[in-house]
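# Observations on the model geometry
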Amino acid sequence: MTRWVLSHRLPVVLVWVVLTLAGGALSGSTIDKLSYESRLPDKQSQAANDGLAQRFSQTGGKNAPLLLVVTVPQGATVDDDEVRGEWRDLIAKVTPKGGRSVSYAGPGGESLVSKDQRTTVALVYPPANRSNAPYAQSLPGVKAAVEHARIAGAPVELTGQPVLSGRDSGATRSPIYETLIGALGALVVLALVFASGLAVVPLLMAAVAIPTTFLLVRGITGVTDVSFIVQFLVALIGLGIAIDYALLIVTRWREERQKPGADGADPEARREAVVRAVASAGHAVALSGATVAISLAALVVLPVPFLRSVGYAGLLIPLVSVAIAVTLLPVMLYGWGDKLDRPRRAHRPDSKVWSRIAGLTTRRPALCAVLSGAVLLALAAPVLALRLGQPATATLAQGGKPAAAFQRIVDAGFGEGIARPLEVIVPEGRGDAVHTALAGIDGVAGSAAPADWTRGGQRVIDVWTTADPSSGTGRSTVTAVMDLAEDTPGALAGGGPATDVDFIDAVYGSLGLILAFVALLTFVVLARTLRSVVLPLKALVLNALSTCAAYGVVVLVWQKGYGSEALFDTPAIGAITIWIPMAVFAFLFGLSMDYEVFILHRIRETHLELTAGGERDTVVPSVVTGISRTGRLVTSAALILFLAFTALASIPITDVKVFATALAAGIVIDATVVRGLLTPALVTLLGRSNWWFPRSLGRLLVTTPGQAPGPRTHPAEDDAAGCGGQQAASAAADPTEQAGSRSRA
């Protein structure tokens, strides 16, 4: 294919230029089409929230209420008629048009008074807009009305989750700034790697990949809703992946330009260098893109449109990057590679540092495997304490008047769950009976069912838990409320806590099958390419360990709070948002496999070359050569991705920060502990079994066991230097000779 691309350079360039310009021109309107909706089809909570939105003017549902609280002076009580009247008037004043509210001053709000009769809370639900800040239009007016309000001389305070989590509001800007920061960091790394004008080539490929991917995302928005988070993923993860793939091929092209037959200035030599580079490194890039796409398929099969849209966009990122790397990049290298590779200097493919590291790991493989494995397990251990859910309100309530006001609510005995009530819709005729039953559930701190919360024969009952609904105890109570609603004809349980329970069930209910699907498909692709059973299994195990280690870091930083303030100026959130672990797995599993593929591809290539030369013990030399020639590349690629994820973490949305933290930690752990130490140690320990590939499996996968090609006698044979050429040589080899070669290896 590379020869065809080089023979049609102008059409190839024109196609990518058109796609880039169109994607860039339409990127703004594409971002405008992204959705802030997160729906759960066929779930009880979604049906309840839809009913609330239709009958009650987009109030409530998964959007938590604003809380107004006042504590009257010592000696006074809220039961005083004058206090009751003042409170009723204030709540009516702050409730926006179309909104709904409940307080003790009206029927159905008896639970909203403390036992000592001095503190009362009101719940206010403004109409919500479909954005990341649903109360953006109403909240300023509510704050203004409350600011100078007094009840019996005591100040009224405004709090609740929408106020306490205000740090997340308004984060709707495009990711241009963060992308530029990530690109600048990548340019610095590339300049250190190439020390020439070649440093700009991978960035140019990313500049084509990002707008092209946005153009394709625009097409998806015409078919289904696409989450607003996709814009950040396409811009920053797309930046890192496109640069990484281009970096691999450009590095290999530079190496090939120094080999006989491809080192001249004539067109044929330049063409030969490009063809060889794409035949080897391009094959690894295509395989890497396939593994990333496979892992992202885990999101596509989920019954959650929000995550499916992330999966669709995520699939486009590696596919577009691979397409650019094997079409536009060869044209660029053929026409401008030599001109940009200035100053021209001898290129040493082997890294002295990584040669020493590889030598150490192969001399003491057992010790390296034990130590690096222990580090991985230690980092992964905190994952056992992983808690899925929305951030606990108490963890948001740190500092300031809203935090103090919420703590006063909790201290007065209203329960932490009042910040995120469940909203149960029941037939109007069953309202009182269901209200009584709900109030009697163990763990329910209070409930409210005002008479004016009735529309179209349906009545709304708010129920809140004593413990935070994201805690284990609170979630048990939430489940009990949902079970009661399910057993009541015509009743539905909605609200944020019910949505969380249904979300967990939808995302993780079939987790085992999804993981098995991804693992099996990845194994098939790797086994077919690497001609090995052991190496793909090892890769899957190490990827699982590195992913768990990334989860462990997230638990330590964001759930436990070890570093969230210092690193992000953001308090610990106490729980990990439900969608994040699944999305992290989908992206990180594939991205981590990239480096495994790069390394194993080079180790196998060296093994085949040594076998062809008559070497019998190829394991240690193959590992040392493979690591020494990919270590610097993998480190540079990982650093570029790390910088992209660091830029992603600067997005002022806490969920995105947590997601970026997991990806950045996973990439660093994978490129150092796993690929730098554990992989070479295990390959060394496994010895000849690395290349075990039974004929029966080969027939099943429509391939043949690995076989070294014969010695190269002509430069053109370097076309077979990559796996593709070696596969062809293997297929053509005499069966008897294959058997003999397998016994020598």
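Note that the structure is predicted; figures quoted are calculated from it, not measured.

### Here we look at the overall build of the protein chain
The secondary structure content of the protein chain amounts to 28 helices and eleven strands. When its C-alpha atoms are laid out on the principal axes, the protein chain stretches across 100 × 50 × 45 Å. Out of the 745 residues belonging to the protein chain, those deemed buried represent 59%. Accessible surface, the protein chain: about 28100 Å² in total, of which carbon and sulfur atoms supply 61%.

### So, the packing of helix 11 (residues 305-326) against helix 12 (residues 328-340)
Where helix 11 meets helix 12, the axes come as close as 3 Å, and the angle between the chain directions of the two elements is 30 degrees. Looking at the two axes, helix 11 sits roughly parallel to helix 12. On helix 12, the residues touching Ala323, Ile324, Ala325 and Val326 of helix 11 are Leu328, Leu329 and Pro330.

### A short note on the packing of aromatic side chains
The way to describe two aromatic rings as a pair is by their centre distance and the angle between their planes. Scanning the entire structure with this criterion turns up eight aromatic pairs. Centre to centre, the rings of phenylalanine 587 and phenylalanine 659 are 5.8 Å apart; their planes meet at 80 degrees, and the pair counts as edge-to-face. Of the two residues, phenylalanine 587 sits in helix 23 (residues 579-612) while phenylalanine 659 sits in helix 25 (residues 654-686), which places them 72 residues apart along the sequence. With respect to class, phenylalanine 587 is no different from phenylalanine 659; both count as buried. Across the ring face of phenylalanine 56, the terminal group of arginine 100 is positioned such that the distance to the ring centre comes to 5.4 Å. Positioned over the ring face of tyrosine 334 is arginine 270, at 4.5 Å from the centre of the ring.

### Quick notes on the sheet that holds strand 3 (residues 119-125)
Taking strand neighbours across the sheet as the criterion, the four strands line up as 2-3-1-6 in an open arrangement whose pairing is antiparallel. Each end of this open sheet is capped by a strand with a single partner; those strands are strand 2 (100-102) and strand 6 (157-159). Direction aside, neighbouring strands of the sheet carry axes that sit 20 degrees apart on average. Across the sheet, helix 5 (residues 139-147) touches strand 1 (66-71) and strand 6, and the angle it forms with strand 6 is around 155 degrees.

### Overview of the nonpolar core
Counting residues in hydrophobic clusters, the biggest one holds 165 residues, and the most contacted among them are Ile237, Leu299, Leu307, Phe503, Trp579, Phe587 and Phe659. Those residues in contact with leucine 307 that sit more than four places away from it in its chain are Leu299, Leu302, Phe503, Val507 and Trp579. Listed in part, the 50 residues of the second largest apolar core include Leu52, Leu90, Tyr104 and Val121.

### Thoughts on unusual backbone geometry
Unlike most non-glycine residues, alanine 195 shows phi in positive territory, near 50 degrees. Relative to the helices and strands, alanine 195 is located in the loop between helix 7 (176-194) and helix 8 (200-221). A relative accessible area of 37% means that alanine 195 is categorised as partly exposed. With a phi close to 55 degrees, arginine 531 is a non-glycine residue in the positive phi region.

### Focus on a nonpolar patch on the surface
A contiguous nonpolar surface patch, about 310 Å² in accessible area, is contributed by Leu184, Leu187, Val200 and Leu204. Those elements that provide at least two residues to the nonpolar patch are helix 7 and helix 8.

### Here we look at the packing of helix 7 against helix 8
At a minimum axis distance of 10 Å, the contact between helix 7 and helix 8 shows a crossing angle of 150 degrees. Between helix 7 and helix 8, the crossing angle belongs to the class labelled roughly antiparallel. For the pair helix 7 and helix 8, the contacting residues are Thr179, Ala183, Ala186, Leu187, Leu190 and Phe194 in the first and Pro202, Leu203 and Ile210 in the second. Residues belonging to the contact of helix 7 with helix 8 are distributed by class as follows: eight nonpolar, one polar and no charged.

### Some details on helix 3 (residues 44-55)
Taking 1.5 Å as the rise per residue, helix 3 with twelve residues should run 16 Å; its terminal C-alpha atoms sit 17 Å apart, in good agreement. The set of residues buried in helix 3 consists of Gln44, Ser45, Gln46, Ala48, Asn49, Gly51 and Leu52. Considering only its buried residues, helix 3 is in contact with strand 2, strand 7 (422-427), strand 10 (458-465), helix 18 (472-487), strand 11 (492-494) and helix 19 (496-508). In the stretch just after helix 3, serine 57 is the one whose phi turns positive, near 55 degrees.

### Here's the deal with the pattern of salt bridges
The full count for this structure, using the stated rule, is 20 salt bridges. One salt bridge connects glutamate 256 with lysine 259, and the closest N-O pair in it is separated by 3.3 Å. Look at glutamate 256 and you get buried, because its relative accessible area is 2%. If you follow the salt bridges from partner to partner, you end up with Arg3, Arg252, Glu255, Glu256, Lys259, Glu272, Arg276, Arg602, Glu605 and Arg629 in one network.

### A word on the environment of threonine 251
For threonine 251, the position within the fold is in helix 9 (residues 230-256). A C-alpha to C-alpha distance of 23 Å links threonine 251 and valine 673, two positions 422 residues apart in sequence. Polar side-chain contacts of threonine 251 include one of 2.7 Å to the backbone oxygen of leucine 247.

### Re the pairing of strand 8 (residues 444-448)
Counting buried positions along strand 8 yields four of five residues, so the element is predominantly enclosed. The sheet contact formed by strand 8 and strand 10 spans four bridges and is antiparallel. From the neighbouring strand, valine 444 faces strand 10, where its bridge partner is threonine 465.

### Comments concerning the pairing of strand 7
The element strand 7 is largely enclosed, with a buried count of six among its six residues. As defined by bridge partners, strand 7 adjoins strand 10 across six bridges and the pair is classed as antiparallel. Residue proline 427 lies in a different strand from strand 10, and its bridge partner there is glutamine 458. In this sheet, strand 11 lies alongside strand 7 in antiparallel orientation, the contact comprising three bridges. Its bridge partner lying in strand 11, isoleucine 425 is registered against leucine 492.

Cut-off values and rules
- Residues numbered from 1 in each chain as written.
- Predicted model: local features only at pLDDT ≥ 70, side-chain atom pairs only at ≥ 80, totals over all residues.
- Heavy atoms only, no water.
- Helix = DSSP H or I, 4+ residues; strand = E, 2+ residues; numbered from the N terminus.
- Buried < 20%, exposed > 50% of the residue type's maximum accessible area, 1.4 Å probe, protein only.
- Areas by Shrake-Rupley, 256 points an atom, 1.4 Å probe, with all protein chains shown as cover.
- Axes fitted to C-alpha atoms, helices over the stretch in contact; angles between N-to-C directions.
- Parallel < 35°, antiparallel > 145°, perpendicular 65-115°, else oblique.
- Contact = heavy atoms within 4.5 Å.
- Phe/Tyr/Trp six-rings, centres within 6.5 Å; stacked < 30°, edge-to-face > 60°.
- Lys NZ or Arg CZ within 6 Å of the ring centre and 35° of its normal.
- Pairing = 2+ DSSP bridges.
- Core = buried A, V, L, I, M, F, W, Y, C linked by side-chain atoms within 4.5 Å.
- Patch = residues over 30% accessible without salt bridge, like charges linked within 9 Å, V, L, I, M, F, W, Y side chains within 5 Å.
- Salt bridge = Lys/Arg side-chain N within 4 Å of Asp/Glu carboxyl O.
- Nonpolar A, V, L, I, M, F, W, Y, C, P; charged D, E, K, R; others polar.
- Expected span 1.5 Å × (residues − 1).
- Polar contact = N/O pair within 3.5 Å; in protein donor to acceptor, adjacent residues only side chain to side chain.

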